[in-house]
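An overview of the molecular structure
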Amino acid sequence: MGTTESSIVDAARGRPGLLLVTLLGGLLLVDLAAKLAGVSVGPLGGSLSTGRLGSNLWNGLVIGLVIGLAGIGLSMTYSILSFANFSHGDLVSVGAFTGWGVAFLVAGFGDIPIRTLLSVRDAGSATSGDIGAHILATPGAVLLGLVTAFVVTALIALALDRAFYKPMRDRDGISILIASIGAALIVRYLLQFAYGSDRRGVTASVEASNLAFDPLGLSVNAHQLTIVVAALGLMVAMHFMLQRTKLGTAMRAMADNKDLALVTGIPAERVVTATWIIGGGLAGASGYLYVLLRGTIQFDFGWLLLLLIFAAVILGGIGSVYGAIAGGLVIGIVFTTSTIWIPSDFNEAAAFAVMILMLLLRPEGLFGGVSTA
Amino acid sequence: MSGDGSDPNGPGSTPDSATGALLDAARRSDLGLVLGTLLVIYLAATLLTFTNGLNSVVGLLRTLTFLGLVYALAALALNLQWGYAGLFNIGVAGFMALGVYTMGIVVRSPDPAFGPPGFGLPLPVGIVAGMLVAAVVGLLAALPALRLKADYLAIVTLGISEIIRLFLQSSSFDNFLRGTLGVGTGGGRGMGMPQNPVRELFLVDGQAGTPTAFGELVFGALGDGGLGISNSILIGWGYVAVLAAFVIGFYVLLERLGRSPFGRTLKAIREDELVADSLGKNVNLIKIKVFVIGCALMGLAGILWFGSQGNVSPTPQFMPLLTFYVFIAVIIGGSGSNTGAVLGGIVFAAVLFEGPRRVGSALRDVIDAETPSSFADALVSLDPVSLLAYATDNIAPLQFVLLGFVLVFIMHRRPDGLLGDRIETAAAVDLSERPHGGETDE
């Protein structure tokens, strides 16, 4: 918080809510400790194995990394172009479908008709087992798919920008937001038109793909490991790009203060182009990885994921790339560990509730105030 | 349109009653505009289906009018929040779900033959309760959320609408309600709606085959005894008349609200919050009020819409897509204009929502080719006819693509909607022309 008088007043006004949330969080922690110890005191406590907590945390970490990866692009477009991009979730789906089409093409080439492969099993009757895409069986195909997802989604994001958003650069955020809802509809339903509407399995099952860590009771899947490595790799690359390159510096400048950046002669349109390429590409990659994690694909999964991505971005503070990653991790862990207390019907609702609380208590986010790009 | 100067009394003259407001609207040709649009839509629909006989024409017209009116209701409620006060609420679906579910829970019998139990109270109580719950949740959402920037408010309301849907979907919540209050939501299977009173107007206890005196008269003249229109369609038209009355009610309410000092403050807030604040208006209180009123109206719109459909279920009926439909209706009409909202609702329902499906299926009947099982198959066949067969058989996704393009196009070219040239009277009197002068409405 700042040091001016008004912000102190604001902080004081926000405090009762903050206090309540802190108390609630503390209570949950105490309850968690009691559950782990197997003690029950009144409504608190119960029993919970460390193994379950561990696997909840691990699953949350994996989902969180994917959401954070998608959130980077959303956060960047939000800060540099000043609008909430509702078509971001559908870019996530674009990456998944195009990436898996190519991964299938490589994995199942020769035995299975190309139209079945490229349409991610919409046409034809081959099962995912026939195609056999799996990181252990066909690592090359899975990696190539990831690259394709990045590249194709980046191009589509750029095309959407040129067609829809560029003519609206000087308009207010809400107008562009509405246009982005239109873009989202176009992309999502073109995907449905081209790839069909049914949910289907994608990855094949391979024996011995689970690596168990016995002491913690954790079971780590080879796909989860792939996701962690790929997501962390992309995030580190992003970090170096932002901190070490001229483009990254320009992006951070644009995000911090657009007018000042323009005055200093930063080529705004070029930075915007780069933003779409990187943000869109990361969204596509995260969609591809999300399907690798879940094993199934459906035309609107990215849209359904969008609110979680927004939650991550808001949690971390809009405009902050590192905030988006941290927010993604928090949302992912809330998503999986909330099932300890509430029925699994509500884990998504819990993540949204965390987002809403954050917006109400600290709208600038966890890392608010420091715009790191 | 308010800009046409043919009005002898001056556009600023105040309606002194509901009928006065209606006449006023008609004189300024707004009503004429709406009726004209309806007429064009009716003509097109008749042309599309007249070969199938009178019954299907009247049935299609009923469907189109029903959809047009329910969208108009929802669009009017949203217009109050967004058009008047600039509150970007994209949780419309959630508030409609709250209204209709509360109504269902309150009215359903305590031990029904099937489905979740309810409180078994009369229908009017249920409707009021539905509006109240929507309003209270709106209040809870608004109290803190209105401090946020417009796009944050959008995300928060979308989140709230999804939370509402997830709760209604959840079987745990259903069981919890059954355990504590003895009522239920039905979870993912949904809930049967109470009998529509309009049906009882035509049929004794709503049972088919036992018409009331009024039903006898109508069925005799237009139904089996006369023109041969099926009874269910005639009852449907009866409900359409009720909806039309509600649309008029909403319209008059919002028009009067918009012209009141309160409404002018709203528009001032939308245009420049800082100025309104500096002039001593309690901006936050006014925003909360308008948000709550809008949410109550959305609850009512949800009741009138989905409460008449026999069965409601949280998915897919109350997905955020529903909110975007309503938004498109408002945007087509131009946000801020009540006539625009009604017109947008009607145009959206007929031209964008129902139209493509009908045209698609009509085209499909003409095409003599087997539908390929997937887009890839259609492409591989290299046959434009089979591609067209696939497209017309899968018209639903293409319809959404069309909706998307319409949204983008309107935002690019006509951000003020179809009635974009409308001069909005934010002032009590129309400042662009003042033929008699000196009139005030305070």
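Per an unreviewed UniProt entry, chain B is named Inner-membrane translocator, and its organism is Halorubrum aidingense JCM 13560. Its UniProt record gives chain B a comment under Subcellular location (unreviewed entry), which states: "Cell membrane".

Looking at an unreviewed UniProt entry, chain A carries the name Inner-membrane translocator, with the source organism given as Halorubrum aidingense JCM 13560. In its Subcellular location (unreviewed entry) section, the UniProt record describing chain A reads: "Cell membrane". Annotation of chain A in UniProt includes, under Sequence similarities (unreviewed entry), the sentence "Belongs to the binding-protein-dependent transport system permease family. LivHM subfamily."

1. Focus on the interface of chain B and chain A
Accessible area lost when the parts come together is the quantity often used to give the size of an interface. In this complex, chain B contributes 40 residues to the contact, which on the side of chain A involves 41 residues. Of all the secondary structure elements, the ones that give two or more residues to the side of chain B that touches chain A are α6 (150-169), α7 (171-180), α15 (320-333), α17 (375-380) and α19 (395-413) of chain B. Tallying contributions element by element places α6(B) first for the side of chain B that touches chain A, with 13 residues. Along the lines of polarity and charge, the residues of the side of chain B that touches chain A split into 27 nonpolar, 10 polar and three charged.

2. Let's talk about the nonpolar core
Soluble globular proteins tend to pack their nonpolar side chains together in the buried interior. Formed by 242 residues in total, the largest nonpolar core has its most connected members in A311(A), L73(B), A74(B) and M96(B). Element by element, the count of residues in this core is highest for helix α3 (residues 54-84) of chain B, at 18 residues. Apart from residues lying up to four places away in sequence, M96(B) is in contact with A74(B), M298(B), G299(B), A301(B), G302(B), W305(B), F306(B) and F318(B). With five residues, the next largest nonpolar core counts F202(B), V218(B), F219(B) and I235(B) among its residues.

3. Comments concerning the environment of F327(B)
Within the secondary structure, F327(B) is located in helix α15. For the pair formed by F327(B) and F88(B), sequence separation is 239 residues and the distance between their alpha carbons is 9.9 Å.

4. Some words on the UniProt feature "transmembrane region" (unreviewed entry) in chain B
Residue and element names in this part refer to chain B. Feature annotation in UniProt places "transmembrane region" (unreviewed entry) on residues 31-51, 57-80, 87-107, 119-143, 150-168, 234-254, 288-306 and 326-353, given in this structure's numbering. As a span, residues 288-306 carries 100% helix and 0% strand, and end to end its C-alpha atoms are 26 Å apart. As annotated, residues 326-353 has a helix share of 86% and a strand share of 0%, and its two end C-alpha atoms lie 11 Å apart.

5. Comments concerning unusual backbone geometry
With an omega of 5°, the peptide bond between T315(B) and P316(B) qualifies as cis. Assignment of secondary structure puts P316(B) in helix α14 (residues 314-317). The residue S82(A) is not glycine, and still its phi comes out positive at about 55°. Structurally, the position occupied by S82(A) is in the loop between α2 (50-81) and α3 (88-107). Positioned with a positive phi, V120(A) is a non-glycine residue whose angle comes to about 50°. The class of V120(A) is buried, set by 26 C-beta atoms lying within 10 Å.

About the cut-offs
Residues numbered from 1 in each chain as written. Chains lettered and ligands numbered in written order. Predicted model: local features only at pLDDT ≥ 70, side-chain atom pairs only at ≥ 80, totals over all residues. UniProt positions renumbered as here; feature names shortened; annotations may be inferred. Contact = placed C-beta atoms within 7 Å. Helix = DSSP H or I, 4+ residues; strand = E, 2+ residues; numbered from the N terminus. Nonpolar A, V, L, I, M, F, W, Y, C, P; charged D, E, K, R; others polar. Core = buried A, V, L, I, M, F, W, Y, C linked by C-beta atoms within 7 Å. Buried ≥ 20, exposed ≤ 12 C-beta atoms within 10 Å, placed from the backbone.

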